[in-house]
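# Structural characterization, general
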Amino acid sequence: ELDNQPYLVEIENKEIKMSSTKDAKFGYVFSKELSGNKRDKKFIIKYTITNRSDQVRKVAAWEVTRVHAKGFAFYPAGAGERRGNLANLAEDKDGITWFVYKEDKIPPTHNKFFADGTEGWIAHVNEGWIFVKQFPDFAADRAAPGESEIEVYTNPAKSYVEIEQQGSYETLQPGQSLSWEVKWFLRKIPGSINGVAGSPDLVA
């Protein structure tokens, strides 16, 4: 119901509003509101998770965004160490973690690394374009069990990368909801900016 079944879709005040049916296993209902901000040239996505069960639930919001393979992702590093079988393919420089997609170094399996971030953003660069996701930051000790604020995944066929972020792990009483807002920015990198991995100009 939440992943691949139909959502009810409406358009209201230039916003797309999507609502799932009730999840048969846990009793969640998801809603997604998508709008554009013409002034800032950004998309705003508001996710809401509602506990429609009769039990207390603990849950974290999670956005998985698929981008083309190749290119590179980067984000401000947070507390602790990276973990996962892709962890050693990412590098830290001046407080920023960089993951450059090198096909010959990616194992033909399901691969991922987990890490805490800070400042509340992650970016991906490919073919002169930068895609930035902005979201609320939270302390590492508020992550869901076995999860992290920042996650990067590569698939076995080496055809895409997922840049993912999660919200904090929250308790929902029956009938209670949590809301989580994410902003998307897509920009052509100006010629005056050094748009390569590790570039301080790109970070700025």
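Throughout what follows, the structure given in this document is the object of discussion. (Residues numbered from 1 in each chain as written. Predicted model: local features only at pLDDT ≥ 70, side-chain atom pairs only at ≥ 80, totals over all residues. Heavy atoms only, no water.)

## A few points about the pattern of salt bridges
In this structure the tally under the stated criterion is 11 salt bridges. Across the salt bridge formed by lysine 17 and glutamate 12, the nearest N and O atoms sit 3.5 Å from each other. Judged by relative accessible area, which is 23%, lysine 17 ranks as partly exposed. Using a relative accessible area of 41% as the deciding quantity, one classes glutamate 12 as partly exposed. Here aspartate 92 ties to arginine 82 by a salt bridge, and the two come within 2.9 Å at their closest N and O atoms. (Salt bridge = Lys/Arg side-chain N within 4 Å of Asp/Glu carboxyl O. Buried < 20%, exposed > 50% of the residue type's maximum accessible area, 1.4 Å probe, protein only.)

## Here we look at the nonpolar core
Among the nonpolar cores identified, the biggest contains 31 residues, and Ile49, Phe99, Phe113, Ile122 and Ile163 are the most heavily contacted of them. Counting 12 residues, the second largest nonpolar core, distinct from the first, contains Trp98, Ile130, Phe185 and Leu202. (Core = buried A, V, L, I, M, F, W, Y, C linked by side-chain atoms within 4.5 Å.)

## Notes on the sheet that holds strand β16 (residues 177-188)
Strand pairing within a sheet occurs via backbone hydrogen bonds; the two strands may be parallel or antiparallel. On the basis of which strands lie adjacent, the open sheet formed by 10 strands has the order β1-β2-β3-β4-β16-β12-β11-β7-β9-β8 and antiparallel pairing. Sheet topology places β1 (8-12) and β8 (90-93) at the edges, where each strand pairs with a single neighbour. Pairs of neighbouring strands in the sheet enclose a mean axial angle of 20 degrees, with direction left out of account. As judged from the 4 bridges shared by strand β2 (residues 15-19) and strand β3 (residues 28-37), these two strands associate in the antiparallel manner. Bridge pairing links methionine 18 to lysine 32 in β3. (Pairing = 2+ DSSP bridges. Helix = DSSP H or I, 4+ residues; strand = E, 2+ residues; numbered from the N terminus. Axes fitted to C-alpha atoms, helices over the stretch in contact; angles between N-to-C directions.)

## Here we look at the pairing of strand β4 (residues 42-51)
Counting buried residues along β4, 8 of its 10 residues qualify, which places the element largely inside the surrounding structure. Here 10 bridges tie β3 to β4, and the two strands are oriented antiparallel to one another. Bridge pairing in β4 links phenylalanine 30 to isoleucine 49. Where β4 and β16 come together, 9 bridges link them in antiparallel fashion.

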